[in-house]
Structure formats: structure tokens, C-alpha cells
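The residues making up each chain are set out below.
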Amino acid sequence: MELTGGLFIGGERRQSDARFHAYDPAAGADIADAGFASASEQDVADACAAAEAAFLPYSTKPLEARARFLETIADEIEALGDVLIERACRESGLPAARITGERGRTVGQLRLFAKEVRDGAWQKLRIDHADRERTPPRPDLRLRMVPLGPVAVFGASNFPLAFSTAGGDTASALAAGCPVVVKGHRAHPGTAELIATAIIRAVETCGMPAGTFGMVNGTSRKVGETLVADPRIQAVGFTGSRGGGEALMRIAAARPRPIPVYAEMAAINPVILMPQALKARGPALAEAFVASLAMGAGQFCTNPGLVMGIDGPELDAFVARAGEVLSGQAAQVMLTDGIWEAFESGKAKLAGSAFVTKVAEGVEADGPNRGRAALFSVAGKDFLADPVHLHEVFGVSSVVVRCASLEELKAVLGELEGQLTATLQVDEGDYPEAQALLPVLERTVGRVIANGWPTGVEVTHAMVHGGPYPSTSDPRSTSVGTLAIDRFLRPVSYQDLPEALLPAALRENAQAGTVARIDGSWTI
């Protein structure tokens, strides 16, 4: 499939004289092709206008039509075949097996949201019938969730499929009934174009309004800033750096009509080695830890960037084995030259701390943009004294915190910023101490894991991929799982409306097949 490098605006392809090239991080060089159009402010405005024009006709489509649209997008992505895998690998430096798995996740979550749309429980239907005999009389009240309006979605560098053009933010926004304008990530523009083409084919096949989906590209921050500032955009989905997310939040808050930004930003995802678990299986835990840390060149937002345990022989053995395994790790290609540079800078800051000891480094890099693994160690009291240890280093880098006691470990946990995950490595003998830690963890993270590792986020109904600030901008939300649809909905209550004017789902006896709360009681 030939790439044209065009923008996607109102169902049409648009070119521009301003162009940029994709980059091959493994080769450390631009990819020789025709390049990709950089959107102007007018291009962004036109994409937002098309999305606004599409909002009412799209959001009022029957739920079955919306569900089938999501399934058709999934079908069209699969139909791209190996062309998509090859391009994504070349632009990201990720192996084919990883990209193939990510494609499966992408189409899987589209189909999951199709099922969620059909289920209808996300509408949160509520009916409180009138009571005219009461003093004062109670009116008839009915409630449902409605879509916010056009949504801006920012592609993520580390997931060119599952968190980008047709990723979880796009899937959940479309499921909610919101048209989407994607700001494609500069790191994988060819991949984004292939996926956008598949979405447009689904738009046409399913008879959706032309502006239901649009995509603008560019290397300048101005493209994203203009998109978030456009008055027709009603919410933003973002996965990326803390600096980038906070910049978008400031723009959204400064608008005459502020809008929510659902930003998933930074996390170091603490792993807590409870004493009995560490004693019983320390070396095995060390090997599994390094495997999780090194997965995908450490470029996961759930990477275990912090490990803590009670200082002593068992923790010594864990650190020694982890350092031994990590020292054999080959340097891996990172997503972009900028991410590699930030990784090297983050490691240098840790190594430059007077309190930190370097435990081990991986195999020296043999090519451009290859991140060399590193493991550091610090005492609990010193960790508390220097905030440099709190910062995410995006790559194969982690810090082991040697705590003098369980109380010091609690103190370290209490100093952490909001995190996506916390992991307890725990045996039955640790349960009393672990139970005491759970209230602290619940205040700090969005997902608590026992005897596993944080990398690997399952797309299910019960998943939370979010957490207190700065892991996400809104701790009440998740960017993975079916609850992600709630970000792009708001409640509307209808009081004493005649039956003929009520939305179909709120008319009398029209709730069959879904969950509704009628006169205070939940019914199916």
C-alpha cells in the first residue's frame, strides 16, 4: 500500500508544502520516502469543524450501527496485513512479535467496545417516576449519559497501534458517540496513515458522517496546541510525558470554556518485596524482575522503576542476582533518538547522586539509539532525602531501595507521587504486614498487583490503567478497559418530558436487555 503522507480532514486527503520524514531508530536515519504533510492552523480548524458537523448525526446513530462501525474498523485493520507490521517495526524499532501482539490488542479492544455499546449499561439509565400524592409532588425524572462532543486524541510513541490512531482513547470515544480528531505521533507517521486509512474505509462502508474521524500531523507543538484550544473540541485523550500532558492541561484550562484532559503521564510503579516472599524465592524474583524491566526496552508506562525491601542478606541476594542477570542484557533499540537521549540523561542524574550506588549495567550498545540497561541501589533514608529518585527514567533502569524497617518502607511509600501500579511480592506469612500496607497503596496507585509484574495491561471490564496525579491527570478515570468510555460522557436528566419527547431508551418499558435503575431498584 502506497503512503501519500496526507492529512485526513472531513473524509478527504489534504497535502501541504510543509513536510517531515519518518525516522528509523534502528538505523539512526530518516526513512527515504515522500514524507508527510505538516498541518497548518487552518488544517486543524477544518478537521475540528468537520468533527463538529459530524457530531449530531454520528451520536444519534442507533447503538447497533455504532457497534458495527467499531467492528468494521477492526476488520479493516486486520486486512492491512503484513504491510502494517513491517511499517510499525521500522518506525518504532520494536520486533515483529511485539507489533503483531499489539495489533491483536488494538482490534480486540475495538471489538470489546462494540460489545459494550450493544450492552448499553454505560448509559446508566435511571427512572424515578412521579409521585403526585406527595407534598410537595415529586416530578418524573429520567437520566442517561450522553456524549461530550468531538474528542482530540494524541498518539503515543511507545504503542504505535494500541495507544495511537485507533487505540483505546479513539475506540472509547467513538463508542461513546464522539467524533475523533487524532494528532498523529511524529515517531510513526506511516503507521498512523495506514490505520487512518482503515478507519476511513470503515466510515465509508458503514455510512458514517465524513468528519467522524480526522487526523492531523506535524512536528511542531503548535499543531497539538491548536487542536486542544479549538472551541469545538470537548475532551482530550493523551498518553505521553508529564511535561507534554501538563502543557495540554494548561491550554485546556485557559480556554473560555475549559475542557477535561485525560492524560496518562509518568509512573515508576513500585514493587514491594515482602520479607517472607523475599526469603523463599529471592533469586527467582530477581530474574522475573529483570525480565519485566527489560521488556520492550523498558518503554512501558508500567515499567517497574522502583523496588523496595527490608535490608539484609535476603535483599543482598536479590540485588546480586538481579545485577548478574541485568549485566547480560543486550542494549535495545529505543523508540526515538529523543527518548534515548532522555534515558541516558535520566541514568546520569541517578548515577550522579551522592546517595546512589550503581549495581550493574547491561551490555554496551553496538548501534544508534540503543539503551544500555542499568540498576541502582539506595538506602531508604537517603531516598527520602533526595527527590531525584522519584523521577521516572523511561527505559531499562530501576532503583532498589534498601529500607531499614517496615516503618521506613511505609515512609518511602508515603512520599511517592501517584502511580499507575504497585506490586506486592508476598507469601502467606507476609499477609498481616501486607494488609497494613494496602490502605497506603490504595491512596497512591490505580492497580495493586500480587505476585506478578506490572508490565502487561489486560483489556477487560475490571482493569484500571490510571492513578493519582501525576500518573494521570484525573484519578477517577482509566484509559484501558470498558470504563474508559465514561471519560467522554456526561449525565443529562429529563424532568416531566412527554413520552414522545423522551430519548427512546428512557421511554416507559424500553429498558429491556440492559441494566437500569427504576424507582431506586436495579433491574435487567
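The rules behind these values
Residues numbered from 1 in each chain as written. Predicted model: local features only at pLDDT ≥ 70, side-chain atom pairs only at ≥ 80, totals over all residues. Heavy atoms only, no water. Helix = DSSP H or I, 4+ residues; strand = E, 2+ residues; numbered from the N terminus. Rg over C-alpha atoms; globule rule 2.2 N^0.38 Å. Buried < 20%, exposed > 50% of the residue type's maximum accessible area, 1.4 Å probe, protein only. Contact = heavy atoms within 4.5 Å. Areas by Shrake-Rupley, 256 points an atom, 1.4 Å probe, with all protein chains shown as cover. Lys, Arg positive; Asp, Glu negative; His and termini not counted. Charge placed at Lys NZ, Arg CZ, Asp CG, Glu CD. Axes fitted to C-alpha atoms, helices over the stretch in contact; angles between N-to-C directions. Parallel < 35°, antiparallel > 145°, perpendicular 65-115°, else oblique. Nonpolar A, V, L, I, M, F, W, Y, C, P; charged D, E, K, R; others polar. Pairing = 2+ DSSP bridges. Core = buried A, V, L, I, M, F, W, Y, C linked by side-chain atoms within 4.5 Å. Domains from an automatic or database assignment.

Identification of the protein chain as Aldehyde dehydrogenase (NADP(+)) from Sphingomonas koreensis is taken from an unreviewed UniProt entry.

K.L.:
So, the overall build of the protein chain: which residues are in play, and what are the values?
P.N.:
In terms of regular secondary structure, the protein chain is built from 14 helices and 25 strands. Over its C-alpha atoms the protein chain spans a radius of gyration of 25 Å, differing by no more than 12% from the 24 Å that the globule rule assigns to 524 residues. C-alpha extents for the protein chain along the principal axes are approximately 75 × 65 × 40 Å. Every one of the 524 residues in the protein chain was classed for burial, and the buried ones make up 56%. Summarising the internal contacts of the protein chain: among those between residues at least 6 apart in sequence, 76% fall at separations of at least 24. Just so you have it, the protein chain exposes about 20800 Å², and 53% of that area is on carbon and sulfur atoms. Seen as two clouds, the 49 positive and the 62 negative side-chain charges of the protein chain have centres 4 Å apart.

K.L.:
Account for the packing of helix H2 (residues 63–79) against helix H4 (residues 96–119), with residues named and values stated.
P.N.:
Their axes nearest at 8 Å, the elements H2 and H4 cross at an angle of 170 degrees. Between H2 and H4, the crossing angle belongs to the class labelled roughly antiparallel. The residues of H4 that touch H2, namely those facing Leu63, Glu64, Arg66, Ala67, Arg68, Leu70, Glu71, Ile73, Ala74, Asp75, Ile77 and Glu78, are Arg103, Thr106, Val107, Leu110, Arg111, Phe113, Ala114, Val117 and Arg118. Of the residues that constitute the contact of H2 with H4, the class distribution is 11 nonpolar, one polar and nine charged.

K.L.:
Tell me what's going on with unusual backbone geometry, and back it up with residues and numbers.
P.N.:
Of the consecutive residues Thr135 and Pro136, the connecting peptide bond is found in the cis state with omega at -10 degrees. Take Pro136: it is sitting in the loop between strand S7 (125–128) and strand S8 (141–147). Note that the residue after Tyr469, namely Pro470, is joined by a cis bond; omega there is 5 degrees. Position of Pro470 relative to the elements: it lies in the loop between strand S22 (445–450) and strand S23 (489–495). The backbone of Lys124 shows a phi angle near 55 degrees, a positive value even though the residue is not glycine. Among the structural elements, Lys124 can be located in the loop between H4 and S7. Taking the relative accessible area as the measure of exposure, Lys124 reaches 34% and is therefore partly exposed. Despite not being glycine, Ala297 shows a phi value in the positive range, around 60 degrees. Turning to its location among the elements, Ala297 is positioned in the loop between helix H9 (275–294) and strand S15 (306–310).

K.L.:
Pulling in residues and values, what's your account of the sheet that holds S23?
P.N.:
The five strands lie next to each other as S23-S8-S7-S24-S25, forming an open sheet whose pairing is mixed. The sheet terminates laterally at S23 and strand S25 (521–523), the two strands that pair on one side only. Strand-to-strand twist across the sheet, computed as the mean angle between neighbouring axes with direction ignored, equals 25 degrees. The pairing of S7 with S8 spans three bridges and is antiparallel. Within the sheet, the bridge partner assigned to Arg126 lies in S8 and is Leu143.

K.L.:
Give a detailed account of the nonpolar core, specifying residues and quantitative values.
P.N.:
Within soluble globular proteins, side chains that are nonpolar generally end up buried alongside one another. Formed by 82 residues in total, the largest nonpolar core has its most connected members in Ile77, Ile272, Met308 and Val401. Top element by residues in this core is helix H6 (residues 189–206). It accounts for nine residues. Composition of this core by domain shows at least three residues from each of domain 1 (34–265 + 475–488) and domain 2 (270–450). Setting aside anything within four residues of it in sequence, one finds Ile272 in contact with Met308, Leu409, Leu413, Thr423, Leu424, Gln425, Leu437 and Leu441. Counting 24 residues, the second largest nonpolar core, distinct from the first, contains Val44, Ala51, Phe154 and Met265.

K.L.:
Tell me what's going on with the environment of Arg105, and back it up with residues and numbers.
P.N.:
Its location among the elements puts Arg105 in helix H4. For the pair Arg105 and Val459, spaced 354 residues apart in the sequence, the C-alpha separation amounts to 7.8 Å.

K.L.:
Describe the sheet that holds strand S21 (residues 419–425), with residues and values.
P.N.:
Backbone-to-backbone hydrogen bonds join strands into a sheet, with any given pair of strands oriented parallel or antiparallel. Spatially, the seven strands line up as an open sheet ordered S17-S19-S20-S15-S14-S21-S22, and their pairing is mixed. Edge positions in the sheet fall to strand S17 (357–361) and S22, since each has one partner strand and no second. Sheet twist, expressed as the mean angle between neighbouring strand axes with direction ignored, is 20 degrees. Bridge count for strand S14 (residues 270–273) against S21 is three bridges, and the pairing is parallel. Bridging across to S21, Ile272 finds its partner in Leu424.

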